[in-house]
Amino acid sequence: MSKLGYYVRKAFHRIWRTVTLRHGAYGAVGSHNSYRGCRINEPACVGSYNYFGPGCLVNYADIGNYCSFAPNSIVAPAEHSLHYATTCLRISRDTIGFDDFRKRTKIGSDVWCGANTVILQGLTIGNGAVIAAGAVVRTDVPPYAIVGGVPARVLRYRFSPEEIAVLEASRWYEHDITDAKQILSELYRSGKLTKRE
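Quick look at the structure, then.

Criteria and thresholds
- Residues numbered from 1 in each chain as written.
- Predicted model: local features only at pLDDT ≥ 70, side-chain atom pairs only at ≥ 80, totals over all residues.
- Heavy atoms only, no water.
- Helix = DSSP H or I, 4+ residues; strand = E, 2+ residues; numbered from the N terminus.
- Buried < 20%, exposed > 50% of the residue type's maximum accessible area, 1.4 Å probe, protein only.
- Polar contact = N/O pair within 3.5 Å; in protein donor to acceptor, adjacent residues only side chain to side chain.
- Contact = heavy atoms within 4.5 Å.
- Pairing = 2+ DSSP bridges.
- Arc of directions from axis to C-beta.
- Expected span 1.5 Å × (residues − 1).

1. As for the side chain of Glu 163
Consideration 1: Take Glu 163: it is sitting in helix α3 (residues 161-170).
Consideration 2: Overall, the relative accessible area of 7% leaves Glu 163 in the buried class.
Consideration 3: At 3.3 Å, the side chain of Glu 163 and the side chain of Thr 194 are in polar contact.
Consideration 4: Not counting residues within four places of it along the chain, the set of residues in contact with Glu 163 comprises Lys 192, Leu 193, Thr 194 and Arg 196.

What follows is the structure, given as structure tokens:
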């Protein structure tokens, strides 16, 4: 009875969260993350040392480490069928089996999303990318690119190709925060990265 009771309670809580749209982290999440009035749904998988501002919504996505999401960022929102007689998900799910979460979005590590950004389903956002406030991302974003606009386009890169290669080779974002600080400090101290204003 206890095993059955566990599954009944779990199902009840899932339904309750869905109906009430309560804030919280319901997906698989790492450690040392900060959630402030956001919602990370069950299909999401989030790494460690991330920040999510108020009003953020994360659906069908894999997110790396050390990312920052400003208020009202939306990642992998539900999509509606445009090629069926109706866009109503309640009908198209049941009649043609349309799945509103079809494609997983992959966000690398050290990604910064400005306020009110939207990242659609099925995209890959490279490590170190910056998404400008208000951008709607419809295509993949290369590592360390700064994108902005509606639809978002590459404005420039944060570093030279050589520095990007050094950062990617260091894989600093796969370490805990103490080791990550040491690795980055050593890259600057050795001259492999240069400080900019």
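After that view of the structure, there is still more to cover.
2. Let's talk about the environment of Asp 62
Consideration 1: Mapped onto the elements, Asp 62 comes out in strand β8 (residues 61-63).
Consideration 2: As for Asp 62 and Arg 104, which are separated by 42 residues in sequence, their C-alpha atoms are 7.4 Å apart.
Consideration 3: Apart from the residues lying within four places of it in its own chain, the contact partners of Asp 62 are Cys 45, Arg 104, Thr 105, Lys 106 and Ile 107.
Consideration 4: Within polar-contact distance, the side chain of Asp 62 engages the side chain of Arg 104 at 2.9 Å.

3. Some words on the sheet that holds strand β12 (residues 112-113)
Consideration 1: Reading across the sheet, the seven strands line up as β3-β6-β9-β12-β15-β17-β18 and stay open at both edges, with mixed pairing between neighbours. The open sheet terminates on both sides in strands that have one partner only, identified here as β3 (34-35) and β18 (153-157).
Consideration 2: By the bridge criterion, four bridges tie strand β17 (residues 145-148) to β18 in an arrangement that is antiparallel. Bridged to Ile 146 within β18 is Arg 156.

4. Focus: the sheet that holds strand β14 (residues 124-125)
Consideration 1: The sheet built from five strands is open, its strands ordered β2-β5-β8-β11-β14 with parallel pairing. What marks the edges here is a single partner per strand, and that holds for β2 (28-29) and β14.
Consideration 2: As paired elements, strand β5 (residues 45-46) and β8 share two bridges and run parallel to each other. Residue pairing in the sheet places Val 46 in a bridge with Ile 63 of β8.

5. With respect to α3
Consideration 1: Along α3, the residues that are buried comprise Glu 163, Ile 164, Leu 167 and Ser 170. Seen end-on, α3 carries its buried residues on one side only, within an arc spanning 130 degrees. Of the exposed residues in α3, the ones pointing more than 90 degrees away from its buried face are Pro 161, Glu 162 and Ala 169.
Consideration 2: As for α3, its buried residues are in contact with β18 and α4 (177-189).

6. Focus: α4
Consideration 1: For α4, spanning 13 residues, the distance from its first C-alpha to its last is 18 Å, which sits close to the expected 18 Å at 1.5 Å a residue.
Consideration 2: Its side-chain oxygen placed 3.2 Å from the backbone nitrogen of Thr 178, Asp 176 serves as the N-cap of α4.

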